[in-house]
Amino acid sequence: MQVIKVADKVAGSQKAFEIIATGMQANAKVLGLATGSTPETLYQKMVDSELDFSQTTSINLDEYVGLTADNDQSYHYFMNQHLFQYKPFKNSYVPNGNASDLDAEAKHYDQLIDDNPIDIQILGIGQNGHIGFNEPGTPFDCGTHRVQLTQSTIDANARFFANEDDVPREAISMGIASIMKSKHILLLAFGANKADAIAKTVNGPVSEDCPASVLQNHPNATIIVDEAAAANL
Ligand code: GLP
């Protein structure tokens with residue numbers, strides 16, 4: 001695992017942008033995308049760039065269960081707002097959290113990933129070390145699946161909702177096994193509230209207690225951290 005330390009979120013997002021641009025020049029055709037506040041500056045840089053995504057496929061990590069794509073808290077909506085409305089992709093996939101059969105949707109999503117192998121997967125990280133919505137304790141061999149969110153994730157994401165009761169309790173997420181199939185994984189972490197999770201990810205034992213620690217087993221994982229997130233390394 002390669003760790004790149006940068007001064008701040010802007011520098012980290014620039015570095016991530018350069019990795020994506022270079023990857024696309026080298027023929028990366030499928031990008032795995034994440035939501036949350038962490039990749040927002042990266043997406044802004046992609047929007048402001050000359051890059052053309054019309055021949056690129058995007059596959060998002062996760063979606064809340066029970067929110068429609070036009071709900072302003074859904075990850076579908078987030079991606080449209082921050083990226084897709086400005087930079088249309090050839091195809092953009094986000095799990096359907098409103099599917100009547102979520103297990104069938106999960107299977108379908110893993111098939112989609114097998115049919116469109118991800119060249120570069122962008123990840124944020126939860127304060128408890130989750131990636132996508134793979135909470136601590138999720139088996140590493142898990143494919144896309146339905147998830148019960150932990151209270152810590154509900155609390156962390158409540159800031160985006162009018163009140164905590166509105167935060168969905170469930171999500172559908174690419175599994176750790178699905179994420180690990182990506183050829184290159186690029187995890188971004190900015191801010192002091194990620195410092196513990198980053199220390200466990202980089203230096204801790206590879207353990208389901210910290211899902212992101214699995215990246216130590218990936219042949220091509222890059223972690224971009226700002227000074228605050230790197231404080232405990
Ligand atoms: C959510 C998302 C994750 C994201 C995490 C951190 O739980 N499912 O993909 O990495 O939040 O969010 P933020 O970047 O806002 O700190």
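- Taking an unreviewed UniProt entry as the reference, the protein is identified by name as Glucosamine-6-phosphate deaminase belonging to Bombilactobacillus apium.

1. Observations regarding the overall build of the protein
- For the protein, the helix and strand inventory stands at seven helices and 10 strands.
- Against the compact-globule benchmark of 17 Å for 233 residues, the protein has a radius of gyration of 16 Å, which places it among compact chains.
- Burial statistics for the protein: of 233 residues in total, 42% are counted as buried.
- Sequence-distant contacts, at least 24 apart, represent 80% of the contacts inside the protein between residues at least 6 apart.

2. Here we look at the environment of leucine 42
- For leucine 42, the location among the structural elements is in helix α2 (residues 40-48).
- Judged by the 26 C-beta atoms lying within 10 Å of it, leucine 42 falls in the buried class.
- Separated by 20 residues in sequence, leucine 42 and aspartate 62 place their C-alpha atoms 18 Å apart.
- Apart from residues no more than four positions distant in its own chain, leucine 42 is found in contact with Ser13, Ala16 and Phe17.

3. Let's talk about helix α1 (residues 9-25)
- Here α1 is 17 residues long and its end C-alpha atoms lie 24 Å apart, about the 24 Å a rise of 1.5 Å per residue gives.
- Where the residues of α1 are buried, they touch β1 (2-6), β2 (30-33), α2, β6 (120-123), β9 (184-189) and β10 (221-226).
- One or two residues past the end of α1 sits asparagine 27, with phi positive at roughly 85°.

4. Looking at the site of the ligand
- The immediate surroundings of the ligand are formed by 14 residues, with Ala34, Gly36, Ser37, Thr38 and Gly124 found nearest.
- Here the shell around the ligand is built from residues that sort into four nonpolar, nine polar and one charged.

5. Remarks on the environment of glutamate 18
- As for its placement among the helices and strands, glutamate 18 is situated in helix α1.
- C-beta crowding within 10 Å serves as the criterion here: with 11 such atoms nearby, glutamate 18 is assigned to the exposed category.
- Sequence separation between glutamate 18 and asparagine 98 is 80 residues; the distance between their C-alpha atoms is 35 Å.

6. Remarks on the environment of isoleucine 198
- Mapped onto the elements, isoleucine 198 comes out in helix α7 (residues 195-203).
- Judged by the 26 C-beta atoms lying within 10 Å of it, isoleucine 198 is buried.
- Between the alpha carbons of isoleucine 198 and cysteine 210 there is a distance of 9.5 Å; along the sequence they are 12 residues apart.
- If we ignore the near neighbours within four places in the chain, the residues touching isoleucine 198 are Ala189, Val225, Ala229, Ala230, Asn232 and Leu233.

So, how was this worked out
All chains use their own residue numbering, which begins from 1 and follows the written sequence. Under the rules for a predicted model, residues below a pLDDT of 70 receive no local features and side-chain atom pairs below 80 are neither given nor counted, while totals for whole chains, interfaces and linings still include all residues. For helices the rule is a DSSP run of H or I covering at least 4 residues; for strands it is a run of E covering at least 2, with both sets numbered from the N terminus onward. A radius of gyration in this sense is built from C-alpha atoms; the matching globule rule multiplies 2.2 Å by the number of residues raised to 0.38. Neighbour density around each residue's C-beta defines its exposure: 20 or more other C-beta atoms within 10 Å make it buried, 12 or fewer make it exposed, and counts between make it partly exposed, where C-beta atoms are placed from the backbone. Here, residues touch in the contact sense if the C-beta positions derived from the backbone fall within 7 Å of one another. A helix is expected to span 1.5 Å multiplied by its residue count minus one. Any residue whose C-beta atom, as placed from the backbone, lies within 6 Å of a molecule or strand is termed near it. For this scheme, ten residues count as nonpolar: Ala, Val, Leu, Ile, Met, Phe, Trp, Tyr, Cys and Pro. Four count as charged, namely Asp, Glu, Lys and Arg, and the remainder, Gly too, count as polar.

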